[in-house]
Amino acid sequence: MNGRNEAVKQHDDGQVAAPAVRRRSLGRTGIAVSEIGLGCEHLQGQNAQTVFSVVDAALAAGINLMDVFMSEPQVRSDIGAALKGRRDTAVIQGHIGSVWRDGQYTRSRDLAECQRAFEDLLCRLGTDYIDVGMLHFVDTQEDYRRVFDSPLVQYAQDLKRQGVIRAIGMSSHDPVAALRAVQTGLIDVLLFSLNPAYDLLPEDTVIDDLFAEETYRKGELRGINPARARLYQACEAAGTAITVMKGLGAGTLLRAQSSPFGAALTPVQCVHYALTRPAVASVLVGCRTPEEVKQAVAYEQAGDDEKDYSLVLAGTPKYSMTGRCMYCNHCLPCPAHIDIAQVNKYLDLAQELEGASVPPTVQEHYLALEHTAQECLACGSCEGNCPFGVQVISRMEQAAQLFGK
């Protein structure tokens, strides 16, 4: 094996399979991760052979990002054994605050207890470093204070200075607490629950309600929650990568009867939605078997029609995004070859931040586009294709004026 950005497998016939999963930059960390990641929670309770087969299938497919939040000792040891001799092919998210107490998982804010649990993780994984040390499960304003006004943050910073972790992360389901954490400048990676249904829910939705089907039957859901939109934009501006959990909405989105859109989305559509949000680097999919790994990476071979979520989202009276770009690129093809979704994404980011000038990072990303908004021919073909009624021509004019190109 040949470094963190490669994952190959020697077949019985001697041929080597090339990685199937595309890589993305993990924000400002300098780490490259697979855009499909492995959520390892479903490996708990499996035998060692199953754990090895799933990890092996993931690495062979080109998956390198793995989230290990579980504190149960045996699954940690089994994952460590599966990675033995190829640790450098994996990018591991390990959690600070996930502990094993009295024979069960619990969340802790006690420094000594968290230190013991994190040292146990290193030992059982057979490694002397974790790529992303995640401050675990910060979901309320009260809990934010318990973490960020405590020695836990200093502990994470010390680990980073010592090279025991390469980046500091935080996991959360709450956009307000998450945004507050990102704004501290300390968080390099945010593990966040993200899918089109969650994006619609009001700001005060608590975590338990995310998994209740009746939550999605409470009248009309009008547009993306502004707190979530602000969070994604802030992460993009700060270079804080988002890695996605709950991308399939715990199955809610895959069934017409429980989907807020009145129609089922496919796993491919859910993954694509997440990957088209600002700052998203990877979508973590929980897998119990090698076959489920294969199903997860099938996204990489899916065609544009299979990935297209726009018609489902636009086709229900309970959902309205009229005039708002969803970055789906349903507007393409563009005769001028403009990546309209990317232009709109940078325009939204600059306008959301409402500063006196365009943030340098946003300007840099925009100017790196092969074709910019000033090349728009104003032909209108994009507007005819857009299911959300976005005034594309006007937005291209705004972008060209704002970015000067």
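Residues numbered from 1 in each chain as written. Predicted model: local features only at pLDDT ≥ 70, side-chain atom pairs only at ≥ 80, totals over all residues. Heavy atoms only, no water.

Caption draft 1: Expanded view of the overall build of the protein chain. The number of helices and strands found in the protein chain is 16 helices and 14 strands. With 405 residues in all, the protein chain has 54% of them scored as buried. Summarising the internal contacts of the protein chain: among those between residues at least 6 apart in sequence, 73% fall at separations of at least 24. (Helix = DSSP H or I, 4+ residues; strand = E, 2+ residues; numbered from the N terminus. Buried < 20%, exposed > 50% of the residue type's maximum accessible area, 1.4 Å probe, protein only. Contact = heavy atoms within 4.5 Å.)

Caption draft 2: Region of interest: unusual backbone geometry. The amide bond that connects Leu332 to the next residue, Pro333, takes the cis arrangement and shows omega of 10°. Relative to the helices and strands, Pro333 is located in the loop between helix 12 (310–314) and helix 13 (340–353). The phi torsion at Asp102 lies on the positive side, around 55°, for a residue other than glycine. Mapped onto the secondary structure, Asp102 falls in the loop between strand 8 (98–101) and strand 9 (104–107). Among the residues examined, Asp102 registers a relative accessible area of 72% and is labelled exposed. A positive phi angle is found at His337, which is not glycine, with a value near 65°. Secondary-structure assignment places His337 in the loop between helix 12 and helix 13.

Caption draft 3: Broad picture of the nonpolar core. If you look at the biggest cluster of nonpolar residues, it comprises 84 residues, and the most contacted ones within it are Ile79 and Phe118. With seven residues, helix 1 (residues 48–61) is the single largest residue contributor to this core. Beyond its immediate chain neighbours, meaning those up to four positions away, Ile79 contacts Cys40, Leu43, Val51, Val68, Met70 and Leu125. In this structure, Leu347, Leu349, Tyr366 and Met396 belong to the second largest nonpolar core, which totals 26 residues. (Core = buried A, V, L, I, M, F, W, Y, C linked by side-chain atoms within 4.5 Å.)

Caption draft 4: Inspection of the pattern of salt bridges at higher detail. Tallied over the entire structure, the rule returns 17 salt bridges. For Asp143, the salt bridge identified is with Arg109, shortest N-O distance 2.6 Å. In this pair, Asp143 sits in helix 4 (residues 141–148) while Arg109 sits in the loop between strand 9 and helix 3 (111–125), placing the two residues 34 residues apart along the sequence. Residues Asp143 and Arg109 agree in their burial class; the two are buried. Of the charged contacts, one joins Arg166 and Asp131 as a salt bridge, the two residues approaching to 2.9 Å between their closest N and O atoms. (Salt bridge = Lys/Arg side-chain N within 4 Å of Asp/Glu carboxyl O.)

Caption draft 5: The environment of Arg228, seen in detail. On the secondary structure map, Arg228 appears in helix 8 (residues 226–238). Residue classification places Arg228 among the buried positions, given a relative accessible area of 3%. Here the alpha-carbon distance between Arg228 and Leu179, two residues 49 residues apart in the chain, equals 8.6 Å. With near-sequence residues (within four places) excluded, Arg228 lies in contact with His173, Pro175, Phe192, Ser193, Leu194, Tyr198 and Asp199. A polar contact is formed between the side chain of Arg228 and the backbone oxygen of Ser193, at a distance of 3.1 Å. (Polar contact = N/O pair within 3.5 Å; in protein donor to acceptor, adjacent residues only side chain to side chain.)

Caption draft 6: Representation of the pairing of strand 8 in the model. In the sheet, strand 8 pairs with strand 9 via four bridges, with the strands oriented antiparallel. Bridged to Ser98 within strand 9 is Arg107. (Pairing = 2+ DSSP bridges.)

Geometry only, nothing functional implied.
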